[in-house]
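As a plain string of letters, each chain reads:
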Amino acid sequence: MTDRELIRRLRAGDGEALNRIADKYYDDIYRFCLYLTADATESCDITQEVFLRFMKYMHSYTHGNLKGYLLIIARNLCRDYFSRKERDEYMRMSNPPAMREDGAPAEGGSENSEMEQAELRHLLHGILSRLPEEQREVIILRFGEELKFKEIAKVLGCSQSTAKSRCRLAIERLRKEMKEDEQ
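The paragraphs below set out a description of the structure included in this document. (Residues numbered from 1 in each chain as written. Predicted model: local features only at pLDDT ≥ 70, side-chain atom pairs only at ≥ 80, totals over all residues. Heavy atoms only, no water.)

### Notes on the overall build of the protein chain
And then number 1: Secondary structure assignment for the protein chain yields eight helices and zero strands.
And then number 2: Counting from the amino terminus, helix and strand elements in the protein chain follow one another as α-α-α-α-α-α-α-α.
And then number 3: Taking the intrachain contacts of the protein chain between residues at least 6 apart in sequence as the baseline, contacts between residues at least 24 apart amount to 56%.
And then number 4: As displayed, the protein chain offers around 11900 Å² of accessible surface, 49% of which is attributable to carbon and sulfur atoms. (Helix = DSSP H or I, 4+ residues; strand = E, 2+ residues; numbered from the N terminus. Contact = heavy atoms within 4.5 Å. Areas by Shrake-Rupley, 256 points an atom, 1.4 Å probe, with all protein chains shown as cover.)

As structure tokens, this is what we get:
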């Protein structure tokens, strides 16, 4: 069944149509969120929120590319996530946790857990983390989601030539950094 038919059925009140859309695109949206956030739990939550938002605003959907539209929602929600995370980090730094006399966290926080999370984030992001956000998004959409530059441009809200340029710059930067790492 085509996306257009699924949308028509969904607007007519067929709840099964949303299940089919979610089945079709859930993995792609989740993987995109995971690339951006490097947090499996948050990515799952954001992916679910994507489909909730889609349901809420489906009557205003006019795009021809459903996957692209869902990726736009996901991208915006990931940006919201980073804004909240940055704000929370600022608040945490403004109010540092209480420390015991020996310098350990008073509330029994686990430094090992934080280190494990940092290592996992490093592994997941790998070399992509070295790229600016705009370039990283293009690489993820192009090679991770296998979108065409026309679709990437629509998702990112830029021109097709800008998307191509960002991809080219990202590849050049990655090559340069890999050469530097080898030396």
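So much for the structure itself; the text now carries on.
### Quick notes on the packing of helix 2 (residues 15–37) against helix 3 (residues 40–57)
And then number 1: Where helix 2 meets helix 3, the closest approach of the two axes is 8 Å, and the angle between their N-to-C directions is 135°. In this view, helix 2 runs oblique relative to helix 3, as classed from their interaxial angle. The way helix 2 lies across helix 3 gives a crossing that is right-handed. Residue-level inspection shows Leu 18, Ile 21, Ala 22, Tyr 25, Tyr 26, Ile 29, Tyr 30, Cys 33, Leu 34 and Thr 37 of helix 2 in contact with helix 3, the latter providing Ala 40, Ser 43, Cys 44, Ile 46, Thr 47, Gln 48, Val 50, Phe 51, Phe 54 and Met 55.
And then number 2: Taken together, the residues of the contact of helix 2 with helix 3 break down into 16 nonpolar, four polar and no charged. (Axes fitted to C-alpha atoms, helices over the stretch in contact; angles between N-to-C directions. Parallel < 35°, antiparallel > 145°, perpendicular 65-115°, else oblique. Left-handed = near helix turned anticlockwise from the far one by under 90°. Nonpolar A, V, L, I, M, F, W, Y, C, P; charged D, E, K, R; others polar.)

### Digging into the pattern of salt bridges
And then number 1: Evaluation of the coordinates by the stated rule reveals 11 salt bridges.
And then number 2: Across the salt bridge formed by Glu 5 and Arg 8, the nearest N and O atoms sit 2.5 Å from each other. Highlighted residues: Glu 5 and Arg 8, both in helix 1 (residues 3–11), separated by three residues, approximately one helical turn.
And then number 3: In this structure, the salt-bridge partner of Arg 79 is Glu 137, at a minimum N-O distance of 3.7 Å. (Salt bridge = Lys/Arg side-chain N within 4 Å of Asp/Glu carboxyl O.)

### Describing the side chain of Asp 28
And then number 1: By the secondary structure assignment, Asp 28 is in helix 2.
And then number 2: Classification of Asp 28 by relative accessible area gives buried; the value is 16%.
And then number 3: Once you skip the residues sitting within four places of it in the chain, Asp 28 turns out to touch Lys 67 and Glu 145. (Buried < 20%, exposed > 50% of the residue type's maximum accessible area, 1.4 Å probe, protein only.)

### Here we look at the nonpolar core
And then number 1: Counting residues in each nonpolar core, the largest one holds 44 residues, and the members touching the most others are Ile 21, Ile 29, Phe 54 and Leu 70.
And then number 2: Elements with a minimum of two residues in this core: helix 1, helix 2, helix 3, helix 4 (66–94), helix 6 (133–144), helix 7 (149–156) and helix 8 (160–182).
And then number 3: A per-element tally of this core places helix 4 first, with 10 residues.
And then number 4: With near-sequence residues (within four places) excluded, Phe 54 lies in contact with Ile 7, Leu 10, Leu 18, Ile 21, Tyr 61, Leu 66, Tyr 69, Leu 70 and Ile 73. (Core = buried A, V, L, I, M, F, W, Y, C linked by side-chain atoms within 4.5 Å.)

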